[in-house]
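# Overview (structure and organization)
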Amino acid sequence: MTGRLLGIDFGTRRIGLAICDPDRKIASPLATFERRESATDADYFRTIVETESIGEIIVGLPVHTDGREGIKAAEAREFGSWLQKITNRPVRFWDERFTTVQAESALWEAGLTHKRRKDRRDRVAAQMMLQSYLEAGCPEDEGTGPLNR
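Okay, so let's go over this structure. (Residues numbered from 1 in each chain as written. Predicted model: local features only at pLDDT ≥ 70, side-chain atom pairs only at ≥ 80, totals over all residues. Heavy atoms only, no water.)

## Focus: the sheet that holds strand S3 (residues 27–34)
Here five strands make up an open sheet; going across it, the order is S3-S2-S1-S4-S5 and the pairing mixed. Looking along the sheet, the strands with just one partner apiece sit at the ends: S3 and strand S5 (91–95). Each adjacent strand pair in this sheet contributes to an overall mean axis angle of 30 degrees, direction not counted. Here strand S1 (residues 4–9) pairs with strand S2 (residues 14–20) via four bridges, running antiparallel. (Pairing = 2+ DSSP bridges. Helix = DSSP H or I, 4+ residues; strand = E, 2+ residues; numbered from the N terminus. Axes fitted to C-alpha atoms, helices over the stretch in contact; angles between N-to-C directions.)

## Some details on helix H1 (residues 38–51)
If you check H1, its first and last C-alpha atoms are 20 Å apart, about what 14 residues at 1.5 Å a residue would give, namely 20 Å. Those residues of H1 that sit buried are Asp41, Ala42, Phe45, Ile48 and Val49. All buried residues of H1 fall inside an arc of 130 degrees around its axis, so they share one side. When the buried face of H1 is taken as reference, the exposed residues oriented beyond 90 degrees from it are Glu50 and Thr51. Where H1 is buried, its residues contact S1, S2, S3, strand S4 (54–61) and helix H2 (71–87). Regarding H1, its N-cap is Glu37, as a side-chain oxygen of that residue lies 3.2 Å from the backbone nitrogen of Ala39 further along. (Expected span 1.5 Å × (residues − 1). Buried < 20%, exposed > 50% of the residue type's maximum accessible area, 1.4 Å probe, protein only. Arc of directions from axis to C-beta. Contact = heavy atoms within 4.5 Å. Polar contact = N/O pair within 3.5 Å; in protein donor to acceptor, adjacent residues only side chain to side chain.)

## Overview of the pattern of salt bridges
For the structure shown, the criterion picks out 10 salt bridges. With a shortest N-O distance of 3.1 Å, Glu52 and Arg4 are connected by a salt bridge. With a gap of 48 residues between them, Glu52 in the loop between H1 and S4 and Arg4 in strand S1 connect regions that are remote in the sequence. Several salt bridges share partner residues, and in doing so they unite Arg24, Glu56 and Arg92 into one network. (Salt bridge = Lys/Arg side-chain N within 4 Å of Asp/Glu carboxyl O.)

If you want it as structure tokens, here you go:
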């Protein structure tokens, strides 16, 4: 599949978005989306996919430190299935363990206020997850272990 990748840091209220360059080398934060109702959310994601020439969507999968999938991972998988349906783009899942903590730490070190950190945290976490996926060579499967289904 060609096109840019859209990285998603899933949350029940806020969703962080990141995007890569056309060569799939560098991920950049894109936006933090405040969820509303399903039809509005669907319109937003369809628009992003079209305007940004998205070929695939990578959804961060929040697994436990021991690799088990819990309730949040199930919610992320359900959201990914919904995204695939409404955008008609393939969706892959990628381990996002610790990306929110890493994003918060990086924003803290940058000297941002609590309000500015909160505003940027989800999209920076999406960027870190997507960059990890890019550095792994954009694998077509989820690798070995707990992320396989």
